[in-house]
Amino acid sequence: MARCRSAAVKLGGSLITVKDRPYTIRWEALREASRILAWYASKGGGLVVVHGGGSFGHAEAERLQALHGGSLPGSAAPRIQAAMLRLAVEVASALVDAGVGATLHTTHTLCGCGGCEYAPISRDYSSGLVPVLYGDALACGGSTLIVSGDRLVVEAAESLGVECVVYVIDKPGILDSNGKPLAVVRAGEEPPLLGGGAAPDVTGGLRAKLEWAYRAALRGFEVYITGLDGLLKVLSGGTAPTRIEA
Ligand code: IP8
């Protein structure tokens with residue numbers, strides 16, 4: 001386990017949910033991810049897990065946005081929070097069932113309108129537990145702020161001082177124009193296939209993820225955007241497509 005002795009792992013909403021079917025979990029993918037993370041933690045790897053909104057938070061936010069003429073008033077936050085909490089409980093439970101000492105933190109109580117507080121996460125991480133947090137929503141003034149898990153995973157990595165940031169998605173990496181995963185993408189490059197899918201995504205999809213990945217690489221983390229096979233390779237000390245370089 002030479003390369004990543006500690007890692008912040010973002011389980012993408014596209015990986016753990018069926019993004020175009022509201023409130024539907026991809027159980028096989030979630031259980032497989034949980035097994036890999038349990039193996040890593042059992043080998044002594046320090047770990048924080050963040051997950052995305054998929055067909056829970058994104059679908060709910062999009063539905064409420066349509067209801068309110070394109071914007072999200074502060075009164076929309078509770079329903080999005082409830083949707084995310086449902087998913088978060090399932091993710092944390094799957095991790096615990098696989099043997100991970102997962103401890104769930106509700107993002108909307110850790111975060112304020114100006115930023116998030118990572119001390120409770122550091123406390124649990126220092127005790128050998130695996131903090132779990134997730135993309136979420138909170139009421140700020142008169143509107144709802146969506147906090148992306150892609151951002152949280154970078155901030156959590158910084159505050160815990162882990163070595164690697166791994167974004168796990170439902171593809172084997174960032175794809176080239178032939179649909180093959182690119183081995184490396186350098187910060188600022190514009191890969192060809194970033195187009196969003198038909199499923200709702202209120203935080204900017206793959207393009208926004210890549211921007212956060214670039215920031216993490218520029219701040220000195222070893223960063224990957226990869227699939228479940230890639231996650232296993234990276235956490236085993238190897239490398240996998242797509243490595244994001246500064
Ligand atoms: O899927 C978004 O988190 P992400 C969470 O990590 C919500 O961007 C509430 C849509």
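Up top you'll find the structure we're talking about.
Residues numbered from 1 in each chain as written. Predicted model: local features only at pLDDT ≥ 70, side-chain atom pairs only at ≥ 80, totals over all residues. Heavy atoms only, no water.

## Considering the state of the cysteines
Simply put, the disulfide is a covalent bond whose two ends are the sulfur atoms of two cysteines.
Part 1 of the argument: For the structure shown, the criterion picks out three disulfides.
Part 2 of the argument: Two residues share a disulfide in this structure: Cys4 and Cys164, whose sulfurs sit 1.9 Å from each other. Across the disulfide from Cys4 to Cys164, rotation about the S-S bond amounts to roughly -95°, and the bridge is consequently left-handed. With Cys4 in the segment before β1 (6–11) and Cys164 in strand β7 (residues 164–168), this pair connects stretches of sequence that are 160 residues apart. Taken individually, Cys4 and Cys164 each receive the classification buried, so the pair is uniform in this respect.
Part 3 of the argument: Take the cysteines of the chain that form disulfides and number them in order along the sequence; they join up as 1-6, 2-4, 3-5. (Disulfide = S-S within 2.5 Å. Helix = DSSP H or I, 4+ residues; strand = E, 2+ residues; numbered from the N terminus. Buried < 20%, exposed > 50% of the residue type's maximum accessible area, 1.4 Å probe, protein only.)

## Overview of the nonpolar core
Part 1 of the argument: Core analysis: the biggest nonpolar cluster contains 38 residues, and Val9, Leu11, Leu37 and Leu231 have the highest contact counts within it.
Part 2 of the argument: Sorting the residues of this core by element identifies β1, α1 (13–16), α2 (27–42), β2 (46–51), α4 (77–98), β4 (130–134), β7 and α9 (228–235) as the ones contributing at least two each.
Part 3 of the argument: The contact partners of Leu231, leaving out residues within four places of it in the chain, are Val9, Ile36, Leu37, Val166, Val168 and Thr226. (Core = buried A, V, L, I, M, F, W, Y, C linked by side-chain atoms within 4.5 Å. Contact = heavy atoms within 4.5 Å.)

## Observations regarding the side chain of Asp136
Part 1 of the argument: With respect to the helices and strands, Asp136 occurs in strand β5 (residues 136–140).
Part 2 of the argument: One buried charge, Asp136, has no salt-bridge partner; the nearest side chain with opposite charge is Arg151, at 11 Å.
Part 3 of the argument: Reaching out from Asp136, the side chain makes a polar contact with the side chain of His108 at a distance of 2.8 Å.
Part 4 of the argument: For Asp136, the residues in contact, after removing those within four places along its chain, are Gln81, Met84, Thr107, His108, Leu145, Ile146 and Val147. (Lys, Arg positive; Asp, Glu negative; His and termini not counted. Salt bridge = Lys/Arg side-chain N within 4 Å of Asp/Glu carboxyl O. Polar contact = N/O pair within 3.5 Å; in protein donor to acceptor, adjacent residues only side chain to side chain.)

## Looking at the packing of aromatic side chains
Part 1 of the argument: Summed over all chains, the structure comprises one aromatic pair.
Part 2 of the argument: Where Tyr23 meets Phe56, the ring centres are 5.1 Å apart and the plane angle is 70°; that geometry is what we call edge-to-face. Separated by 33 residues along the polypeptide, Tyr23 in the loop between α1 and α2 and Phe56 in helix α3 (residues 54–67) bring together distant segments of the chain.
Part 3 of the argument: Of the residues examined, Tyr23 reaches a relative accessible area of 28% and is grouped as partly exposed. (Phe/Tyr/Trp six-rings, centres within 6.5 Å; stacked < 30°, edge-to-face > 60°.)

## Observations regarding the sheet that holds β2
Part 1 of the argument: Taken together, eight strands build an open sheet; the order of strands is β3-β4-β2-β1-β7-β9-β10-β8 and the sheet is mixed. Looking along the sheet, the strands with just one partner apiece sit at the ends: β3 (102–104) and β8 (184–186). Within the sheet, the average angular offset between the axes of one strand and its neighbour, ignoring direction, is 25°.
Part 2 of the argument: Taken together, the two bridges between strand β9 (residues 222–226) and strand β10 (residues 243–245) define a ladder with antiparallel strand orientation. Looking across to β10, one finds that Tyr224 is bridged to Arg243.
Part 3 of the argument: Where α2 meets the sheet, its contacts fall on β1 and β2, and the angle it forms with β1 comes to roughly 170°.
Part 4 of the argument: The sheet contacts of helix α6 (residues 119–126) involve β1, β2, β3 and β4, and relative to β4 the element is tilted by about 150°. (Pairing = 2+ DSSP bridges. Axes fitted to C-alpha atoms, helices over the stretch in contact; angles between N-to-C directions.)

## Digging into the site of the ligand
Part 1 of the argument: Within the structure, the ligand sits among 15 residues, and Lys10, Gly53, His58, Gly149 and Thr203 are positioned closest to it.
Part 2 of the argument: Taking Lys10, its side chain carries an N or O atom lying 3.0 Å from an oxygen atom of the ligand.
Part 3 of the argument: Measuring from an oxygen atom of the ligand, one finds a side-chain N or O atom of Ser148 at 3.3 Å.
Part 4 of the argument: Within the complex, 97% of the 320 Å² of free accessible area of the ligand lies under protein.
Part 5 of the argument: Mapped onto the shell around the ligand, the elements with two or more residues apiece are α3, α4 and α7 (149–160). (Near = heavy atom within 4 Å. Areas by Shrake-Rupley, 256 points an atom, 1.4 Å probe, with all protein chains shown as cover.)

## Examining the pairing of β9
Part 1 of the argument: Within β9, five of the five residues are buried, which leaves it mostly tucked inside the rest of the structure.
Part 2 of the argument: Alternating residues of β9 divide into Glu222, Tyr224 and Thr226 and Val223 and Ile225, and every residue in both groups is buried.
Part 3 of the argument: As defined by bridge partners, β7 adjoins β9 across five bridges and the pair is classed as parallel. Each bridged residue has a counterpart across the sheet, and for Val166 the counterpart in β9 is Tyr224.

## Digging into the pattern of salt bridges
Part 1 of the argument: Counting across every chain of the model gives 14 salt bridges.
Part 2 of the argument: When the shortest N-O distance is used, the salt bridge between Arg151 and Glu155 registers 2.9 Å. Residue Arg151 and its partner Glu155 are located together in helix α7, separated by four residues, close to a single helical turn.
Part 3 of the argument: Accessibility expressed as a relative area gives 18% for Arg151, which makes it buried.
Part 4 of the argument: Residue Arg207 pairs with Glu190 through a salt bridge whose shortest N-O separation is 2.8 Å. Placement of Arg207 in helix α8 (residues 205–218) and of Glu190 in the loop between β8 and α8 is noted, with a sequence separation of 17 residues between them.

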